[in-house]
Amino acid sequence: MTRPLSIIKILLYGIILTVPVYSFDVQHTRLGETLSIFRFVNTTNDSSYDNFHILLRRRLDYELLFPGLRIKAWDSPYTDTATLAGHSKYVLFGTFETDSVSRENHLTFTIINNKEGESSWKKLPAGSMSIDDIAETIILKTGNFLKKPILGELTVSSNPPGCDVLLDGVNTGRTPKVFSVESGEYRIRLDGEFLDPFEQSVLIEAGKTVDLNVQMNFKGYPTFYWLAASSALTGLAVIAFVLEKNYHDDYMNLDGGLNKSDYKRAYKSYARANYIGIGFRYLSIVGWTGTGFCFFINRSLKRRIFGRN
């Protein structure tokens, strides 16, 4: 019994080695779509990249990252999409190379949609990444590419750039920002230091791109409130000055022979108006100083943020 079993194992092993295509069909088919992964060309001295396409296929298969999508790995390098147009909807291939200047290894990989004539390529610093990190990045980019027909794209930019982007209340980073999201209505909010917040609802449709370019409005320090307060205080200071002068004139024009209480009462009215006038004058000086400070600081900030006067 041992020898026949050994012979069968040898035959099976020989058949596996002679088959040029490795494939694994996920049970839940996705309209018969297939992703073909070609051997990644390795022109570097690092042999760990030689069978990268097999590692990638195993990750896609065993982790069931794309249920219903058939995954095939080819031992030959990619040559022409036309030969696969009738077999695979998606094609993935790449090349590991060594930069002639930095001597660092990098990977350039491409994903092609044969049916729609679309493609996407990326470049990764392979020398500073582990094999698993490279595979993880490619899987992420591949997933975004495969989901493109059922997702919409939202591009958010602003002037000035660097504003916080909140998508449905969640801070997702800073402008410029690109989102791949499911179709539906989303609430976008942009926040920036010394800028008025911006809010708008956007409708995303599958397979379409929405470009949202926002011209932010400068907010700065509240110059208007300082100006309004300074103007009001100046007006009150003028009124207090007029009253002070009238009380002073009344005091100086009192007839002789009056009771001391009459002189004292008139002087107190003048002194009270004088103290109030001095207070309003000092407050108006503070107010106009704050107004000037806000004006010149805002001018400097606006030049720094927007790059213009």
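Cut-offs used in this document
Residues numbered from 1 in each chain as written. Predicted model: local features only at pLDDT ≥ 70, side-chain atom pairs only at ≥ 80, totals over all residues. Heavy atoms only, no water. Helix = DSSP H or I, 4+ residues; strand = E, 2+ residues; numbered from the N terminus. Buried < 20%, exposed > 50% of the residue type's maximum accessible area, 1.4 Å probe, protein only. Contact = heavy atoms within 4.5 Å. Areas by Shrake-Rupley, 256 points an atom, 1.4 Å probe, with all protein chains shown as cover. Phe/Tyr/Trp six-rings, centres within 6.5 Å; stacked < 30°, edge-to-face > 60°. Salt bridge = Lys/Arg side-chain N within 4 Å of Asp/Glu carboxyl O. Expected span 1.5 Å × (residues − 1). Arc of directions from axis to C-beta. pLDDT = per-residue confidence, 0-100. Core = buried A, V, L, I, M, F, W, Y, C linked by side-chain atoms within 4.5 Å. Pairing = 2+ DSSP bridges. Axes fitted to C-alpha atoms, helices over the stretch in contact; angles between N-to-C directions. Parallel < 35°, antiparallel > 145°, perpendicular 65-115°, else oblique. Left-handed = near helix turned anticlockwise from the far one by under 90°. Nonpolar A, V, L, I, M, F, W, Y, C, P; charged D, E, K, R; others polar.

Turning our eyes to something else, we now look at the overall build of the protein chain. Along its length, the protein chain carries five helices and 14 strands. Taken across its 309 residues, the protein chain has 31% of its residues classed as buried. Look at the contacts in the protein chain between residues 6 or more apart in sequence, and 60% of them connect residues 24 or more apart. Surface exposure of the protein chain reaches about 19400 Å², of which carbon and sulfur atoms provide 57%.

Moving on, we get to the packing of aromatic side chains. The full count for this structure, using the stated rule, is 14 aromatic pairs. With centroids separated by 5.7 Å and ring planes inclined at 10 degrees, the aromatic side chains of Phe38 and Trp74 adopt a geometry described as stacked. Remark: Trp74 occurs in strand S4 (residues 70–77) and Phe38 occurs in strand S2 (residues 34–39); sequence separation between them is 36 residues. Judged by relative accessible area, which is 6%, Phe38 ranks as buried. Look at Trp74 and you get partly exposed, because its relative accessible area is 23%.

Per the counting criterion, the structure on display carries ten salt bridges. Across the pair Lys208 and Glu205 runs a salt bridge whose closest N-O atoms are separated by 3.0 Å. Owing to a relative accessible area of 48%, Lys208 belongs among the partly exposed residues under this scheme. Through salt bridges with shared partners, a single network forms among Arg187, Arg189, Asp191 and Glu199.

Below, the discussion takes up the environment of Glu244. The topology assignment puts Glu244 in helix H4 (residues 223–252). Look at Glu244 and you get buried, because its relative accessible area is 11%. Between the alpha carbons of Glu244 and Arg272 there is a distance of 8.1 Å; along the sequence they are 28 residues apart. Those residues within four positions of Glu244 in sequence are excluded, and the remaining contacts are Tyr270, Ala273, Asn274 and Arg281.

A separate point is helix H3 (residues 131–146). Its 16 residues give H3 an end-to-end C-alpha distance of 22 Å, which sits within 8% of 22 Å, the value for a rise of 1.5 Å per residue. Buried residues of H3: Ile134, Ala135, Ile138, Ile139, Thr142, Gly143, Phe145 and Leu146, and no others. Relative to the axis of H3, the buried residues are bounded by an arc of 165 degrees and lie together on one face. On the buried face of H3, the contacting elements are S2, helix H2 (52–62), strand S5 (90–98), strand S6 (105–113) and strand S7 (118–124).

Our next topic: the confidence of the model for the protein chain. Regions with low pLDDT should not have their predicted coordinates read in detail. Taken over all residues, the pLDDT of the protein chain has a mean of 82, while the share at 70 or more is 84%. Long-range and interchain partners of residues 8–31, a stretch whose pLDDT sits below 50, account for 32 contacts in this model, where long-range means more than four residues apart.

Most often, soluble globular proteins keep nonpolar side chains buried together rather than apart. Judged by nonpolar contacts, the single largest core of 23 residues is most densely connected at Phe40, Leu56, Leu92, Leu107, Ile134 and Ile138. Of all the secondary-structure elements, those providing two or more residues to this core are S2, H2, S5, S6 and H3. Residue contributions to this core peak at six residues, all from H3. Leu154, Val214, Met216 and Ile305 belong to the second largest nonpolar core, which has 20 residues in total.

Taken together, the four strands give an open sheet; going across it, the order is S10-S9-S12-S13, and neighbouring strands pair in antiparallel fashion. Looking at strand neighbours, the two that pair on one side only are strand S10 (170–174) and strand S13 (198–204), the edges of this open sheet. When the angles between neighbouring strand axes are averaged without regard to direction, this sheet yields 30 degrees. Relative to S13, strand S12 (residues 184–191) is paired through seven bridges, and the arrangement is antiparallel. Of the residues in S13, the one forming a bridge with Leu190 is Phe198.

Once that is clear, we can look at the packing of H2 against H3. Put simply, H2 and H3 touch, their axes get as near as 10 Å, and they point 60 degrees apart. As the angle between them shows, H2 and H3 are arranged oblique. The handedness of the crossing between H2 and H3 is right-handed. Every residue of H3 that contacts H2 at Phe52, Leu55, Leu56, Arg59 and Leu60 is listed here: Ile131, Asp132, Ile134, Ala135, Glu136, Ile138 and Ile139. Here the residues of the contact of H2 with H3 are counted per class, giving nine nonpolar, no polar and three charged.

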